[in-house]
Amino acid sequence: MFAKIVSGEIPVEILAETDRVLAFPDISPQAPVHILVIPKSTAYANVAELAAAEPETLAEMVAVARSLAEEHANGEYRLIFNSGATAGQTVFHVHAHLLAGNLEERSLGAS
Ligand code: AMP
């Protein structure tokens, strides 16, 4: 499904884009700032697969997330990679949830 966002078939507000990475708002925000950061490649279902195959793309996702947290919040942020259905993953195209903006201290999850 995120492949359709990368191809432009599903229009989104692009908040950041590099050759390998795209960021757009989560359609169902769980925090004042809730942005999804994804690799354009559809080859990886989860962060471990991406880290093993393309660590530089993962590093780029983190750099993009950090810069978006500076742009949209105070530069402090939480990055979440749900990995597996029982961990809450519903889209099997690796994505980072970037959460920022007065997060509940005790809440660890995106929901
Ligand atoms: P996860 O549950 O970790 O797999 O996260 C999938 C996320 O994708 C959820 O937070 C959804 O709200 C979000 N989502 C699903 N479809 C879209 C869409 N078309 N545009 C933006 N976010 C979406």
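To be clear, the structure that these remarks concern was listed above.
Below or above, wherever it landed, is the structure these notes cover. Being a predicted model, the structure only gives us computed values, none of them experimental.

Conventions and cut-offs
Residues numbered from 1 in each chain as written. Predicted model: local features only at pLDDT ≥ 70, side-chain atom pairs only at ≥ 80, totals over all residues. Heavy atoms only, no water. Helix = DSSP H or I, 4+ residues; strand = E, 2+ residues; numbered from the N terminus. Buried < 20%, exposed > 50% of the residue type's maximum accessible area, 1.4 Å probe, protein only. Contact = heavy atoms within 4.5 Å. Lys, Arg positive; Asp, Glu negative; His and termini not counted. Charge placed at Lys NZ, Arg CZ, Asp CG, Glu CD. Pairing = 2+ DSSP bridges. Axes fitted to C-alpha atoms, helices over the stretch in contact; angles between N-to-C directions. Near = heavy atom within 4 Å. Polar contact = N/O pair within 3.5 Å; in protein donor to acceptor, adjacent residues only side chain to side chain. Areas by Shrake-Rupley, 256 points an atom, 1.4 Å probe, with all protein chains shown as cover. Nonpolar A, V, L, I, M, F, W, Y, C, P; charged D, E, K, R; others polar. Salt bridge = Lys/Arg side-chain N within 4 Å of Asp/Glu carboxyl O.

On a plain count of helices and strands, the protein comes out with three helices and five strands. If you list the helices and strands of the protein from N to C, you get α-β-β-β-α-α-β-β. In terms of principal-axis extent, the alpha carbons of the protein reach across some 35 × 30 × 25 Å. The buried share of the protein, reckoned over its 111 residues, is 41%. A separation threshold of at least 6 residues defines the contact pool for the protein, and within that pool the share at least 24 residues apart is 51%. Counting 6 positive and 14 negative side-chain charges, the protein places the averaged centre of each group 3 Å from the other.

Read from one edge to the other, the open sheet built from five strands follows the order β1-β2-β3-β5-β4, with strand pairing classed as antiparallel. Pairing within the sheet leaves two strands with one partner each, and these edge strands are β1 (16-17) and β4 (78-80). Pairing geometry for strand β3 (residues 33-39) and strand β5 (residues 96-100), over five bridges, is antiparallel. Following the sheet pairing, H34 is matched in β5 by L99. Together, β1, β2 (21-25), β3, β4 and β5 form the strand contacts of helix α3 (residues 55-72), whose direction differs from that of β3 by roughly 155°.

As a further point, take the site of the ligand. Around the ligand there are 16 residues in total, and D26, N82, G88, T90 and H97 lie nearest to it. D26 places a polar side-chain atom, nitrogen or oxygen, 2.5 Å from an oxygen atom of the ligand. Between an oxygen atom of the ligand and a main-chain N or O atom of V91, the distance comes to 2.9 Å. Within the complex, the protein chains bury 83% of what would otherwise be the 510 Å² of accessible surface of the ligand. Going through the elements one at a time, α1 (2-7) and β2 are the ones with two or more residues in the shell around the ligand. Tallied by class, residues from the shell around the ligand come to eight nonpolar, seven polar and one charged.

Turning our eyes to something else, we now look at the pattern of salt bridges. Going through the model one piece at a time under the given rule, you end up with four salt bridges. E17 is the salt-bridge partner of K40, the closest N and O atoms lying 2.8 Å from each other. In this pair, K40 is assigned in the loop between β3 and α2 (47-53) and E17 in strand β1, connecting sequence segments 23 residues apart. Between R20 and E56 there is a salt bridge; the shortest N-O distance is 3.9 Å. Taken together, the residues R20 in the loop between β1 and β2 and E56 in helix α3 connect sequence positions 36 residues apart. Note on R20: relative accessible area 33%, which makes it partly exposed. What emerges from the salt-bridge pattern is a single network uniting R20, E56 and E60.

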